[in-house]
Amino acid sequence: MESKAVARYVRVSPRKARLVVDLVRGKSVPEAEAILKFSDRAVAEVVGKVVHSAASNAVQQHKVRPETLYVAEAYVDEGPTLKRIRPRARGMAYRINKRTSHITVVVKQREEA
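Bear in mind the structure is a predicted one, so any value in this text is a computation, not a measurement.

Rules of the game
Residues numbered from 1 in each chain as written. Predicted model: local features only at pLDDT ≥ 70, side-chain atom pairs only at ≥ 80, totals over all residues. Heavy atoms only, no water. Helix = DSSP H or I, 4+ residues; strand = E, 2+ residues; numbered from the N terminus. Rg over C-alpha atoms; globule rule 2.2 N^0.38 Å. Buried < 20%, exposed > 50% of the residue type's maximum accessible area, 1.4 Å probe, protein only. Expected span 1.5 Å × (residues − 1). Arc of directions from axis to C-beta. Contact = heavy atoms within 4.5 Å. Pairing = 2+ DSSP bridges. Axes fitted to C-alpha atoms, helices over the stretch in contact; angles between N-to-C directions.

(A) Up close: the overall build of the protein chain. On a plain count of helices and strands, the protein chain comes out with three helices and five strands. Listed N to C, the secondary structure of the protein chain is β-α-α-α-β-β-β-β in terms of helices and strands. Scaling as 2.2 N^0.38, a compact globule of 113 residues should have a C-alpha radius of gyration of about 13 Å, whereas the protein chain reaches 17 Å, well beyond that. In the protein chain, buried positions account for 35% of the 113 residues.

Below you can see the structure in the form of structure tokens.
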């Protein structure tokens with residue numbers, strides 16, 4: 001049993017988002033939510049919403065308790081890049097890339113041994 005949640009077109013670079021996602025991969029859902037709640041990174045709020053959404057999907061669709069869930073997969077893919085220009089000296093223009101991310105979280109139920 002697994003449930004998935006995706007946040008698409010998040011306005012943060014994938015490199016920064018991967019730092020936060022790496023913190024919660026493999027952790028139980030309550031532990032992951034606690035880690036993200038106290039993280040200093042701005043994207044931690046978005047990742048926390050995705051983890052919560054994936055857990056809620058599992059509870060609603062498969063009728064499992066949220067304490068038995070863990071973050072099985074969590075990854076960040078690159079979304080489309082918004083290209084902007086910045087005026088520079090002597091009529092030149094420098095390009096600014098405003099990167100976006102697609103954040104995916106998959107939760108599974110822990111196997112009781």
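(B) Spotlight on helix H3 (residues 43-62). With 20 residues, H3 extends 28 Å from end C-alpha to end C-alpha; this agrees with the ideal 28 Å at 1.5 Å per step. Within H3 the residues assigned to the buried category are Val-43, Ala-44, Val-47, Gly-48, Val-50, Val-51, Ala-54, Ala-55 and Ala-58. One side of H3 holds all its buried residues, which, seen down the axis, span an arc of 165°. Along H3, the residues that are exposed and aim more than 90 degrees away from the buried face are Glu-45, Lys-49, Gln-60 and Gln-61. Lining the buried residues of H3 we find strand E1 (2-10), helix H1 (14-24), helix H2 (29-37), strand E2 (69-78) and strand E5 (101-109).

(C) Looking closely at the pairing of strand E3 (residues 82-87). Pairing of E3 with strand E4 (residues 93-98), which is carried by six bridges, proceeds in the antiparallel orientation. Bridged to Pro-87 within E4 is Ala-93. Two successive antiparallel strands, E3 and E4, enclose a turn made up of five residues, where Arg-90 displays a positive phi of approximately 60°.

(D) Broad picture of the sheet that holds E1. Overall, antiparallel pairing links the three strands, which are arranged E1-E5-E2 in an open sheet. The open sheet has two edge strands with one neighbour each: E1 and E2. Sheet twist, expressed as the mean angle between neighbouring strand axes with direction ignored, is 15°. The pairing of E2 with E5 spans nine bridges and is classified as antiparallel.

(E) Focus on the environment of Pro-87. Assignment of secondary structure puts Pro-87 in strand E3. Distance from Pro-87 to Thr-104, taken between C-alpha atoms, is 36 Å for residues 17 residues apart in sequence.

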